[in-house]
Amino acid sequence: MANHILKTMIATVMMGSAASGDEFAFGVGWDDLFDAHGRESMSVLIEYHSDPIYQSPWFNVSLLAVIQADNRGDVFAGLGVYNLSDIGRAGRYFLEASLAVGHFDQGGHRDIRDNGTRWRTSLGGGVHLNERRRVSLTLDHILDMDFKNYNPGSETLHVRYTVGF
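Now for a quick tour of the structure.

Conventions used here
- Residues numbered from 1 in each chain as written.
- Predicted model: local features only at pLDDT ≥ 70, side-chain atom pairs only at ≥ 80, totals over all residues.
- Heavy atoms only, no water.
- Helix = DSSP H or I, 4+ residues; strand = E, 2+ residues; numbered from the N terminus.
- Buried < 20%, exposed > 50% of the residue type's maximum accessible area, 1.4 Å probe, protein only.
- Contact = heavy atoms within 4.5 Å.
- Areas by Shrake-Rupley, 256 points an atom, 1.4 Å probe, with all protein chains shown as cover.
- Salt bridge = Lys/Arg side-chain N within 4 Å of Asp/Glu carboxyl O.
- Pairing = 2+ DSSP bridges.
- Phe/Tyr/Trp six-rings, centres within 6.5 Å; stacked < 30°, edge-to-face > 60°.

With that out of the way, let us pick up the overall build of the chain. Along the chain, the regular secondary structure elements total one helix and nine strands. For the chain, with 165 residues in total, the buried portion stands at 45%. Across the chain, the fraction of contacts at a sequence separation of at least 24, relative to all contacts at a separation of at least 6, is 53%. Accessible area for the chain stands at about 9000 Å²; split by element, carbon and sulfur atoms hold 63% of it.

Spelled out as structure tokens, the structure:
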């Protein structure tokens, strides 16, 4: 499984390098934090954020491509929008949020095969390290297409490092 995750991450970085966007986010975290069955697992994340398509004093909206996987075989790949809002007078801190739709493959659960189209939301905050780099902590959530929490209802806490190009 780790081999498949590594191949997916390398392919994403290679495809994104040819694009004209401006940043990649890499995350490591813990999936299914609030799972009643105790199925927590390690998670990795790669996000690509385009140059902003809309900017204002409070919003910097970009297009987003994301791949999120855990060591149980669950994989989400999707497209959506991402927002970064600086806070504080110096603008050193920020809030970030995203919404994506994509395909979810619950590969780690052979008895419950729950694959299909899902929503992924993310909300977090962090600090700018310099003009091109930042660190954040986000809570990501995968929901049903009708925004219900039943299948899969997965929460992931990620520590993310974002680098601009």
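The structure having been displayed, the exposition proceeds.
So, about the pattern of salt bridges. For the structure shown, the criterion picks out nine salt bridges. The partner of glutamate 47 in a salt bridge is arginine 120, with the nearest N and O atoms 2.9 Å apart. Of this pair, glutamate 47 sits in strand S2 (residues 41-49) while arginine 120 sits in strand S7 (residues 116-128); the two residues are 73 residues apart in sequence, bridging distant segments of the chain. Note on accessibility: glutamate 47 and arginine 120 belong to one class, buried. Shared partners join several salt bridges into a network, and the residues in it are Glu47, Glu96, Arg120, Asp140 and Arg160.

Where strand S5 (residues 74-87) and strand S6 (residues 93-106) come together, 14 bridges link them in antiparallel fashion. Bridge assignment links tyrosine 82 to a residue of S6, and that residue is serine 98. Hairpin connection from S5 to S6: five residues lie between these consecutive antiparallel strands, with glycine 88 at a positive phi of about 85°.

Right, let's talk about the packing of aromatic side chains for a bit. Evaluation of the coordinates by the stated rule reveals three aromatic pairs. Ring geometry for phenylalanine 24 against phenylalanine 26: centres 6.2 Å apart, planes inclined by 25°, an arrangement best described as stacked. On the accessibility criterion, phenylalanine 24 (5% relative accessible area) is buried. Seen from their ring centres, phenylalanine 24 and tyrosine 48 are 5.5 Å apart, and the 55° between their planes marks the pair as tilted. Taken as a pair, phenylalanine 24 in strand S1 (residues 23-31) and tyrosine 48 in strand S2 lie far apart in primary sequence, 24 residues in all.

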